[in-house]
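# Secondary and tertiary structure notes
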Amino acid sequence: MEADAAPSRSFTAPLRAAWTAGRHALARAARLTLDIALPTLCVSCREPVDGEGVCAACWARLSFIERPYCPRLGIPFVYDPGPDMLSMEAIASPPAYMRARAAVRYDDVARTLVHALKYQDRTDLAPAMGRWMARAGGELLTGADMLIPVPLHWRRAWRRRYNQSGALARSIERQSGVKVRGEVLRRVRATEQQIGLSRAQRATNVQGAFQVSPERQAEVQGRRIVLIDDVLTSGATLDACARALLRAKAAQVDVLVFARVVEIR
């Protein structure tokens, strides 16, 4: 934890949580008022839509990831190479987590959904996105002991007012019955935004940034954990989270995200 934040964190955390909850409730109330007065628009094309923010045309443009894909990283294959065939990425640089799954490729529509959820207070998108994630990660969720959303540093959480990964995790909890444990993993060091950094810089940026709360380590020991996040790019952040959980003696860590970047070859 940063030295300047450590002395007062335990005292101010409840106040920050209460203030954040109040601001979030007001935002939701304002959105409900607007929804009553105005038609809901598709988050991607801005056409009127009846439902969860994505029209049928844009839903059809989402590139859902289906088999065949790498059993380790969930990277889709162009053709079926046969059972248990790993991708080159999984062979060359295996991550600390065991398996990764994503609902969709990170294309234009997926990017718009993620940005709306993350930066525009569109928490109403989380239920649909979480349902798609639960479908994609069914094999990970079977037998899992807990869901852990990738945490924000408290300063960023204060500015953003909510954690988009937590919103997705709560939706997946409703779909799967696997409980969310949001206080188990902490981001103890503020990091730069990963956007624009190289793969090596991303790994360095998040090194040592996550820690299992000492009072929660017993909850992690011997447990199968599914990490939840919105996007998997290089995997550096999720790898750092997985390493922190494995140091706390987790039995296995898997990763479930809404979208993943897929390089075109």
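What counts and how
- Residues numbered from 1 in each chain as written.
- Predicted model: local features only at pLDDT ≥ 70, side-chain atom pairs only at ≥ 80, totals over all residues.
- Heavy atoms only, no water.
- Core = buried A, V, L, I, M, F, W, Y, C linked by side-chain atoms within 4.5 Å.
- Buried < 20%, exposed > 50% of the residue type's maximum accessible area, 1.4 Å probe, protein only.
- Helix = DSSP H or I, 4+ residues; strand = E, 2+ residues; numbered from the N terminus.
- Contact = heavy atoms within 4.5 Å.
- Expected span 1.5 Å × (residues − 1).
- Phe/Tyr/Trp six-rings, centres within 6.5 Å; stacked < 30°, edge-to-face > 60°.
- Lys NZ or Arg CZ within 6 Å of the ring centre and 35° of its normal.
- Salt bridge = Lys/Arg side-chain N within 4 Å of Asp/Glu carboxyl O.

In terms of nonpolar packing, the biggest core is built from 39 residues, with Leu113, Ile228 and Phe258 touching the most fellow members. Per-element accounting of this core gives the leading share, 7 residues, to helix α5 (residues 126-136). Contact partners of phenylalanine 258, with chain neighbours within four places excluded, come to Ala102, Ala103, Val104, Ala110, Leu113, Val114, Met129, Trp132, Met133, Asp229 and Asp230. Among the nonpolar cores identified, the runner-up in size contains 34 residues, and Leu232, Cys241, Ala244 and Ala248 belong to it.

Our next topic: α5. Here α5 lies mainly inside the structure; 8 of its 11 residues are buried. When α5 is considered as a whole, its buried residues turn out to be Ala126, Ala128, Met129, Gly130, Trp132, Met133, Ala134 and Ala136.

Further remarks concern helix α4 (residues 108-119). With 12 residues, α4 should cover 16 Å at 1.5 Å per step; its first-to-last C-alpha distance of 16 Å lies within 8% of that length. Directly after α4, the chain includes aspartate 121, whose backbone phi takes a positive value near 60°.

Further remarks concern the packing of aromatic side chains. Within the structure shown, the criterion is met by 3 aromatic pairs. An angle of 50° between the planes, with centres 5.6 Å apart, marks the rings of tryptophan 59 and phenylalanine 64 as tilted. Exposure remark for tryptophan 59: the relative accessible area of 43% places this residue in the partly exposed category. Among the residues examined, phenylalanine 64 registers a relative accessible area of 23% and is labelled partly exposed. Judged by centre distance (5.5 Å) and plane angle (90°), the rings of phenylalanine 64 and tryptophan 132 are edge-to-face. Taken as a pair, phenylalanine 64 in the loop between α2 (56-61) and α3 (88-92) and tryptophan 132 in helix α5 lie far apart in primary sequence, 68 residues in all. An aromatic cluster of three or more residues is present, and its members are Trp59, Phe64, Trp132 and Phe258. Across from the ring centre of tyrosine 106, 5.0 Å away, lies the NZ or CZ of arginine 111, which sits over that ring.

On to unusual backbone geometry. For the peptide bond that leads from arginine 67 to proline 68, omega is 10°, which places it in the cis range. A positive phi angle is found at arginine 46, which is not glycine, with a value near 70°. Note on arginine 46: relative accessible area 47%, which makes it partly exposed. Positive phi, normally seen in glycine, also occurs at lysine 249, with a value near 75°. Inspection of the secondary structure puts lysine 249 in the loop between α11 (236-247) and β6 (252-260).

Pairing is possible between side chains of opposite charge, provided their charged atoms come close. According to the stated counting rule, one finds 10 salt bridges in the structure shown. We note a salt bridge from arginine 135 to glutamate 66, for which the minimum N-O separation is 2.8 Å. Of this pair, arginine 135 sits in helix α5 while glutamate 66 sits in the loop between α2 and α3, placing them 69 residues apart in sequence. On the basis of relative accessible area, arginine 135 is assigned to the exposed category, the value being 55%. Ionic pairing is found between arginine 99 and aspartate 254, a salt bridge with its closest N-O pair at 2.9 Å. With arginine 99 in the loop between α3 and β1 (100-105) and aspartate 254 in strand β6, the pair connects residues that are 155 residues apart, well separated along the chain. On the accessibility criterion, arginine 99 (17% relative accessible area) is buried. On the basis of relative accessible area, aspartate 254 is assigned to the buried category, the value being 2%.

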